[in-house]
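# A structural walkthrough
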Protein chains: 2
Amino acid sequence: MPRSPDTSGTTDQLLDVAQELAQTRGYNAFSYRDLAERVGIRSASIHHHFPAKGDLGRALVARYRDRFSDALRRIGAGTGDAPAKLAAYVDLFRATYEHGGRLCLGGMFAADLPTLPTEVQEQVRGFYADNEAWLTRLLDAGRRASQLHFEGAPRDAAAALLDGLEGALLAARAHGSSARFARASRWLLLSVGARS
Amino acid sequence: MPRSPDTSGTTDQLLDVAQELAQTRGYNAFSYRDLAERVGIRSASIHHHFPAKGDLGRALVARYRDRFSDALRRIGAGTGDAPAKLAAYVDLFRATYEHGGRLCLGGMFAADLPTLPTEVQEQVRGFYADNEAWLTRLLDAGRRASQLHFEGAPRDAAAALLDGLEGALLAARAHGSSARFARASRWLLLSVGARS
DNA sequence: GTCTATAAGATGATAGAC
DNA sequence: GTCTATCATCTTATAGAC
């Protein structure tokens, strides 16, 4: 009988390693050779899985975006109130930093944007759109339910929240401090009136 | 009689062009050849001004940090109240985006951090420290004077503010929209009770 | 201070054998 | 699906002439 989806296939292994390098060093600071050495095959073999580096980049953001959307759906379907869901959202970013000091792939690729193939650029914009839309809905509903308290448009607060978290990852890694992330993110929650 | 400091010397020209490329594409996505073509000399000649790329990187952040500190001093020495000074601070970042969709060099190099020579890494951390210290003082004084209104430690608000602005530049460029920056930054000002 | 010439190594990529 | 071999190009960097 067939096993559950073999997640250790070479393609997945390549994606896993490439994602780590992309989140840590950025799109332009890792090579097929870097991947090859860590996965244990020759760099030429990678082209069988991803003919061009742009194909790898596209697959990378597409998968990241899918997984992130899944996480948002899981949080949204949960039983907690808006502050709890917001805390769970923040925790997604905290976990990213704890995972070897990684940045959000969306944020990292946003920094690399003009150097990326256009299809990858579009995926990055999609990642931002996903997050802003989800956050806007959560903030709006939370305020209507008097669970959150802030001034201004939910859409603006959502943008500021996402940007704050992306920036907090950047700063936390620069400081080499998870506490630095915690301080900035705690304040963000406070600023939308999410008492915890 | 000698002219005022010749700012169009080759070294300065190289720094100017390198800064633009660094803010736009990142440290690893521009080469001595890119600089050479734009400045109109041969790439080998650049090594006379900056023997290794790390020297260029260090000079780049050092100058950026100096200029930024000057701007902070100017704002701090101004006559306005805390909300006005905060708005002027935000405007520094807005102007960066308007200047050809550039990111903050500090934020961009924070994204490139692990690929940077260690001396450059230290300068980047220094940039963050400069900004956090300056913002902390401003926020603290502003709240004591009842010109700003927010909860939590000024140091945490300062971190969140800086991170929000770095992230807002990233997002604005991804969206190709100065309005996107305006929305996020306006909300940030609102969140510290800076009525404008 | 800028040039030509040159180097060693990296990079993304292809062809073709196994 | 992975390998060896090979490629053109790019990248940082040096030596030495002008």
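Attention here is on the structure that accompanies the text. (Residues numbered from 1 in each chain as written. Chains lettered and ligands numbered in written order. Predicted model: local features only at pLDDT ≥ 70, side-chain atom pairs only at ≥ 80, totals over all residues. Heavy atoms only, no water.)

Turning our attention to the packing of aromatic side chains. Between two aromatic rings, the relevant description is the distance of the centres plus the angle of the planes. For the structure on display, the rule yields 18 aromatic pairs over all chains. Seen from their ring centres, F68 of chain A and F127 of chain A are 5.0 Å apart, and the 80° between their planes marks the pair as edge-to-face. Here F68 of chain A is found in helix α4 (residues 53–77), whereas its partner F127 of chain A is found in helix α7 (residues 118–144), with 59 residues between them in sequence. Residue class for F68 of chain A comes out buried when judged on its relative accessible area of 9%. Take F127 of chain A: its relative accessible area is 1%, and that puts it in the buried class. Counting every residue linked through ring pairs, the aromatic cluster contains Y64, F68, Y89, F93, F127, Y128 and W134 of chain A. The positively charged end of K53 of chain B is found above the aromatic ring belonging to F30 of chain B, 4.5 Å away from the centroid. A cation over an aromatic ring shows up here: R143 of chain B above the ring of F150 of chain B, its NZ or CZ 4.3 Å from the ring centre. (Phe/Tyr/Trp six-rings, centres within 6.5 Å; stacked < 30°, edge-to-face > 60°. Helix = DSSP H or I, 4+ residues; strand = E, 2+ residues; numbered from the N terminus. Buried < 20%, exposed > 50% of the residue type's maximum accessible area, 1.4 Å probe, protein only. Lys NZ or Arg CZ within 6 Å of the ring centre and 35° of its normal.)

Now for the protein's contact with DNA strand C. Among the 15 residues in the neighbourhood of DNA strand C, the closest are listed as K53 of chain A together with T10, R42, S45 and H49 of chain B. Counting only atoms of DNA strand C within 4 Å of the protein, the fraction found in sugar and phosphate groups is 71%. Between DNA strand C and H47 of chain A, the relevant distance is 3.2 Å, taken from a base nitrogen to a side-chain nitrogen or oxygen of the residue. Between DNA strand C and the protein, one listed contact pairs a phosphate oxygen with a side-chain N or O atom of T10 of chain B at 2.8 Å. For the surface near DNA strand C, the secondary structure elements donating two or more residues are α2 (32–39) and α3 (43–49) of chain A together with α3 (43–49) of chain B. Among the elements that line the surface near DNA strand C, the one with the most residues is α3 of chain B, at four residues. Among the residues making up the surface near DNA strand C, the classes are represented as six nonpolar, six polar and three charged. (Near = heavy atom within 4 Å. Polar contact = N/O pair within 3.5 Å; in protein donor to acceptor, adjacent residues only side chain to side chain. Nonpolar A, V, L, I, M, F, W, Y, C, P; charged D, E, K, R; others polar.)

Not every one of the 16 residues close to DNA strand D is listed here, only the nearest: T10, R42, S45 and H49 of chain A together with K53 of chain B. A breakdown of the atoms of DNA strand D within 4 Å of the protein gives sugar and phosphate a share of 71%. A distance of 2.8 Å is found between a phosphate oxygen of DNA strand D and a side-chain nitrogen or oxygen belonging to T10 of chain A. One of the side-chain nitrogen or oxygen atoms of H49 of chain A is found 2.6 Å away from a phosphate oxygen of DNA strand D. For the surface near DNA strand D, the elements supplying multiple residues, two or more each, are α3 of chain A together with α2 (32–39) and α3 of chain B. No other element matches the four residues that α3 of chain A contributes to the surface near DNA strand D.

So yeah, pure geometry; function would need other evidence.
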